[in-house]
Amino acid sequence: ELVMNNILATHFHDAFGVELAAAGALAMCFGAMNLFARSLGGIASDWANKRWQMTGRLWAHFFSLLGQAIFLFLFGCIDKETGGWPVALAMLIVFSIFVNMAEG
């Protein structure tokens, strides 16, 4: 999470040619998912624990880690020719939701 917070603005600037101030605003979307996604992860984990005990918690964590892997891969595949910064931002937001869910 910390690495993403530090590098995202530079990535949007270098990879997509976004102005640095605007790139910072786009990168802020990663951190903004903290507002609800961490709670969402905790709620999902509690629900799974109630239904399947600790095994359910482990599966909830597994699926959040799997979602991270999938959407980080997709985020890395996006460049100017494959959708540009809007598609990259969408992948980043979904990736961030899964990151924060795993932390909740």
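Positions within a chain are numbered from 1, following the residues in the order the chain's sequence is written. Only residues with pLDDT of 70 or above have their local features reported here, since the model is predicted, and side-chain atom pairs are shown and tallied only from 80 upward, although totals for entire chains, interfaces and linings are computed over all residues. The side-chain numbers reported here are obtained from all heavy atoms of the structure, hydrogens and water having been left aside.

*Asks:* Looking at this model, I keep getting lost on the environment of L72. Mind explaining?
*Replies:* Take L72: it is sitting in helix α3 (residues 37–77). When the C-alpha positions of L72 and V87 are compared, they lie 13 Å apart, and in sequence the two are 15 residues distant. Two residues form a contact once any of their heavy atoms are found within 4.5 Å. Every residue in contact with L72, bar those within four places of it in the chain, is listed here: M4 and F95. The helix count covers DSSP runs of H or I at least four residues long, the strand count covers runs of E at least two residues long, and both are numbered beginning at the N terminus.

*Asks:* What is the right way to look at α3 in this model?
*Replies:* Since there are 3.6 residues in each turn of an α-helix, residues three or four apart along the chain are aligned in direction. For α3, built from 41 residues, the straight-helix expectation of 60 Å at 1.5 Å per residue is missed by more than 12%, its first-to-last C-alpha distance being only 24 Å. Along α3, the sharpest change in direction is near 145° and occurs at W52. Only protein chains enter the accessibility calculation, which uses a 1.4 Å probe; a residue whose area is less than 20% of its type maximum is buried, one above 50% is exposed, and one in between is partly exposed. When α3 is considered as a whole, its buried residues turn out to be A37, G41, G42, S45, A48, G56, S64, G67, Q68, F71 and F75. Close packing links the buried residues of α3 with α1 (2–16) and α4 (84–103). A helix is expected to span 1.5 Å multiplied by its residue count minus one. We define the bend at each residue as the angle formed by axes fitted to the 7 residues ending at it and the 7 residues starting at it.

*Asks:* Could you clarify how one ought to interpret the packing of helix α2 (residues 20–32) against α4 in this entry?
*Replies:* Describing two packed helices takes the angle between their axes plus the distance from one axis to the other. Note on geometry: axes are lines fitted to C-alpha atoms, helical ones only across the stretch in contact, with angles between N-to-C directions running from 0 to 180 degrees. Viewed as axis vectors pointing N to C, α2 and α4 meet at an angle of 25°, and their least axial separation amounts to 8 Å. When the axis of α2 is compared with that of α4, the two are roughly parallel. Regarding α2 and α4, the two cross each other, and that crossing is right-handed. In contact with L26, C29 and F30 of α2, α4 contributes W85, L89, L92, I93, F95, S96, V99 and N100. Of the residues assigned to the contact of α2 with α4, the class counts are 9 nonpolar, 2 polar and no charged. Relative orientations are named as follows: roughly parallel for angles under 35 degrees, roughly antiparallel for angles over 145 degrees, roughly perpendicular for angles from 65 to 115 degrees, and oblique for any other angle. Crossings are sorted by hand: turned counterclockwise from the far helix by less than a right angle, the near helix makes the crossing left-handed, and turned clockwise it makes it right-handed. Under the convention adopted here, Pro, Cys and the residues Ala, Val, Leu, Ile, Met, Phe, Trp and Tyr are nonpolar, Asp, Glu, Lys and Arg are charged, and Gly plus all remaining residues are polar.

*Asks:* Would you mind going over the side chain of S64 with me for this structure?
*Replies:* Its place among the elements puts S64 in helix α3. Other than its neighbours up to four places away in sequence, S64 contacts F98, M101 and A102.

*Asks:* Would you take a moment to explain unusual backbone geometry for this structure?
*Replies:* Note: most peptide bonds trans; most residues except glycine with negative phi. The phi dihedral of Q53 is positive, around 60°, even though this residue is not glycine. Looking at where Q53 falls in the secondary structure, it is placed in helix α3. Classification of Q53 by relative accessible area gives exposed; the value is 51%.

*Asks:* Would you take a moment to explain the environment of I70 for this structure?
*Replies:* One can find I70 in helix α3. Through-space distance from the C-alpha of I70 to that of F98 is 9.9 Å; in sequence the pair is 28 residues apart.

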